[in-house]
Amino acid sequence: MIDPRLTALAGANASPEMVERLDIFIGLLARWRRIINLVSESTFSAVWTRHVADSAQILPLAPRSRRWVDLGSGAGFPGLVIAIQLAGMPEAEVHCIESDQRKCAFLREVVRATGAPAHIHAARIESITPRDTGEVNAVTARALAPLDRLVGLARPWLERGAVGVFPRGRTAAEEMHAFSAEREFQIESHPSKLDADARIVRVNRVPQVLL
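What comes next concerns the included structure. (Residues numbered from 1 in each chain as written. Predicted model: local features only at pLDDT ≥ 70, side-chain atom pairs only at ≥ 80, totals over all residues. Heavy atoms only, no water.)

**Digging into the side chain of Asn-204**
Here's step 1: For Asn-204, the location among the structural elements is in strand S7 (residues 199-205).
Here's step 2: You can call Asn-204 buried: its relative accessible area is 19%.
Here's step 3: Apart from the residues lying within four places of it in its own chain, the contact partners of Asn-204 are Val-163, Glu-184, Phe-185 and Gln-186. (Helix = DSSP H or I, 4+ residues; strand = E, 2+ residues; numbered from the N terminus. Buried < 20%, exposed > 50% of the residue type's maximum accessible area, 1.4 Å probe, protein only. Contact = heavy atoms within 4.5 Å.)

Below you can see the structure in the form of structure tokens.
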């Protein structure tokens, strides 16, 4: 039987330490999901491909980014996966923002158990500012809101030079077409490695030209 971890982490340059940390994360998820609503039963059965691999493919689209913000972290996808990928790298830190206190307790337990370089903010996204996170290189979010809304939530960091990296489902083309801030932001579409119909959208603030 093929180890699902090998399929999920193919091409991710996963070290034994990274795999061990991810194993701890998923082990905790298996226990905590019986107490609080973290992931559904149907998706947990394919957690390594459905959640871990989907999250792990984000970092290569901003490979030099070491400081991230994850909006609406939920069960830790993609924020804690990115933090585990960055573990041991200088200045690495992922700020996970989640308003559900019980989910934050789970996220903190994963951070404690894995040593992932993540900081958990138990608050609404709108209440957290760059003053709380410090300098950030990249912003991400998964299954949180339509692209237009995501860019609005990420704007405080995008305006300061961070790149947005947002996995989108099969409505990606429609969302990009309807994106209302195209003159202010540049968007790129990249294929998902897991779903031929899904995309990962990169968003950058268009440099302001001084006349």
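**Quick notes on unusual backbone geometry**
Here's step 1: Cis geometry marks the peptide bond from Phe-77 to Pro-78, where omega comes out at 5°.
Here's step 2: Residue placement: Pro-78 occurs in the loop between strand S1 (67-71) and helix H5 (79-86).
Here's step 3: If you check the backbone angles, Glu-91 has positive phi at about 65° while not being a glycine.
Here's step 4: When you line up the elements, Glu-91 lands in the loop between H5 and strand S2 (93-98).

**Some details on the sheet that holds S1**
Here's step 1: Read from one edge of the open sheet, 7 strands run S3-S2-S1-S4-S5-S7-S6, paired in mixed fashion. Looking at strand neighbours, the two that pair on one side only are strand S3 (118-122) and strand S6 (185-191), the edges of this open sheet. In this sheet, adjacent strand axes meet at a mean angle of 20° when their direction is disregarded.
Here's step 2: Together, S2 and S3 form the strand contacts of helix H6 (residues 101-114), whose direction differs from that of S3 by roughly 165°.
Here's step 3: Contacts from helix H8 (residues 147-158) reach S1, S2, strand S4 (138-140), strand S5 (163-168), S6 and S7, with the element oriented near 155° to S5. (Pairing = 2+ DSSP bridges. Axes fitted to C-alpha atoms, helices over the stretch in contact; angles between N-to-C directions.)

**Remarks on the packing of helix H4 (residues 47-56) against H5**
Here's step 1: Interhelical geometry of H4 versus H5 gives an angle of 55° and a closest axis separation of 8 Å. Considering the angle they form, H4 stands oblique to H5. Considering how the two elements wind past one another, H4 and H5 form a crossing that is right-handed. Contacts between H4 and H5 involve Val-52, Ser-55 and Ala-56 from the first element and Val-81, Ile-82 and Gln-85 from the second.
Here's step 2: Partitioning the contact of H4 with H5 into residue classes produces 4 nonpolar, 2 polar and no charged. (Parallel < 35°, antiparallel > 145°, perpendicular 65-115°, else oblique. Left-handed = near helix turned anticlockwise from the far one by under 90°. Nonpolar A, V, L, I, M, F, W, Y, C, P; charged D, E, K, R; others polar.)

**Describing helix H2 (residues 16-32)**
Here's step 1: If you check H2, its first and last C-alpha atoms are 24 Å apart, about what 17 residues at 1.5 Å a residue would give, namely 24 Å.
Here's step 2: Buried residues of H2: Met-18, Val-19, Leu-22, Phe-25, Ile-26, Leu-28 and Leu-29, and no others. (Expected span 1.5 Å × (residues − 1).)

**Here's the deal with the environment of Met-89**
Here's step 1: Among the structural elements, Met-89 can be located in the loop between H5 and S2.
Here's step 2: Put simply, Met-89 and Arg-66 are 23 residues apart on the chain and 7.9 Å apart in space, counted from C-alpha to C-alpha.

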